[in-house]
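The chain contents come next:
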Amino acid sequence: LTMSSNSSTLVNEEKPQRPKRTSECLESLELQAPSSFQDNPLQQLQLASQEVLEKAKQRGRSKCPRCSSSRMFYCYTCFVPVETVPTQEIPTVKLPLKIDIIKHPNETDGKSTAVHAKLLAPDDVTIYKYPCIPEYREERHEIALVFPGPNSVSVKDIALHLQKYSKKGICDTDDDYSREPFLKRAKIESIEEKSLKECILNNRNEGTQLKKIIFIDSTWNQTNKIITDDRLQGLLQIELKTRKTCFWRHQKGKPDTYLSTIEAIYYFLVDYHQEILKENYKGQYDNLLFFFSFMYTLIKNAKCCAGKK
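Procedures and definitions
Residues numbered from 1 in each chain as written. Predicted model: local features only at pLDDT ≥ 70, side-chain atom pairs only at ≥ 80, totals over all residues. Heavy atoms only, no water. Helix = DSSP H or I, 4+ residues; strand = E, 2+ residues; numbered from the N terminus. Expected span 1.5 Å × (residues − 1). Buried < 20%, exposed > 50% of the residue type's maximum accessible area, 1.4 Å probe, protein only. Axes fitted to C-alpha atoms, helices over the stretch in contact; angles between N-to-C directions. Parallel < 35°, antiparallel > 145°, perpendicular 65-115°, else oblique. Left-handed = near helix turned anticlockwise from the far one by under 90°. Contact = heavy atoms within 4.5 Å. Nonpolar A, V, L, I, M, F, W, Y, C, P; charged D, E, K, R; others polar. Pairing = 2+ DSSP bridges. pLDDT = per-residue confidence, 0-100.

**Things to note about helix 8 (residues 261-275)**
- Look at helix 8: 21 Å from first C-alpha to last across 15 residues, which is about the 21 Å you get at 1.5 Å a residue.
- Within helix 8, 13 of the 15 residues are buried, leaving the element largely enclosed by the surrounding structure.

Written out as structure tokens, the structure is:
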């Protein structure tokens, strides 16, 4: 899930109210329409052909090739397309770093968009069900967590702050430092900041490179148990720029800056590509929204078909 607080973003897929469905428009999909639609904000994405999804929709539910469960488009427990969606017709996205998704055990599999990332970037995405998560402490100089908080930093400042965790960087502040007078601390911080910047310029590819980013897939009310886990303490936390969600399960009364998991992943990578890799973004990660955008359009059309404004 992703929730946004001011300029921070946390993944939030809150439990939806029961939607009114029409069999003609939604067929067997159990999805909920957004409260309002404007022109499709996803229409500018550079996506692979979605004809394979259109054909699968016409045929209805199909079997998962692994567990034989009846699903639409993909199996959200086995992380594979169903029999009517050939794997070779699904785009594959290569990511610039690895992604770990920590899923709350009470998060409903069929309502999470985290599986989209695993389906579309299988070599770079791993999904863990809490509390079964890795130990990150030894690699904290190359890992960050997307989560809003008082110490969260923006994407563009990742390299600067990761340097503090590097073996060659400046050590974390200790008790002696914290007892220094305020003006002296400010001077020390200024010197440290300058030193860090020089270190990054001289060793751009050594000790400051982000190699893995972590996302929490959970409702906002369930997130506290995960974010306070000892294994996640001390990790650099990243906040995203405010974005507006297109998620159809957006909870009534919540800000439209609450993002689904796949939206948070996509927007982080776009910012990372521009701010850290310093490259022009040309749609390299757009296909991460391959399933998301198709479902968005499907639900929008269903809403219109049902006669809702």
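**Description of the environment of Glu275**
- Its place among the elements puts Glu275 in helix 8.
- Distance in space between the C-alpha atoms of Glu275 and Lys156 is 5.0 Å, their sequence separation being 119 residues.

**Here's the deal with the packing of helix 2 (residues 51-59) against helix 9 (residues 290-305)**
- For the pair helix 2 and helix 9, interaxial distance at closest approach is 11 Å and the crossing angle is 50°. Viewed along their axes, helix 2 and helix 9 adopt a mutual orientation that is oblique. Every pair of crossing elements has a handedness; the one defined by helix 2 and helix 9 is right-handed. In this structure, helix 2 contributes Val52, Leu53, Glu54 and Lys57 to the contact, and helix 9 contributes Phe290, Phe291, Phe294 and Leu298.
- Classifying every residue of the contact of helix 2 with helix 9 gives six nonpolar, no polar and two charged.

**What to know about the sheet that holds strand 10 (residues 212-217)**
- Spatial strand order, 8-7-10-9-11: five strands in an open sheet with parallel pairing. In the strand order of this sheet, the two ends are held by strand 8 (125-129) and strand 11 (236-238), each with one partner. Adjacent strand axes in the sheet meet at a mean angle of 30°, parallel and antiparallel pairs treated alike.
- Sheet topology note: the strand 9 (residues 143-146)/strand 11 ladder contains three bridges and is parallel. In the strand pairing of strand 11, Ala144 is matched with Leu236.
- Each of strand 7 (98-103), strand 9, strand 10 and strand 11 is contacted by helix 7 (residues 220-227), which is oriented at about 135° to strand 10, the strand it contacts most.
- On top of the sheet, helix 8 reaches strand 7, strand 9, strand 10 and strand 11; it is set at about 155° to strand 10, its chief contact.

**Describing the confidence of the model for the protein**
- The pLDDT averaged across the protein works out to 77; a share of 66% of its residues lies at or above 70.
- Of the regions scoring below 50 in pLDDT, residues 167-180 engages in 17 contacts with residues more than four places distant in sequence or in other chains.
- Counting contacts from residues 199-207, a segment whose pLDDT is below 50, to residues more than four positions away or on other chains yields 12 contacts.

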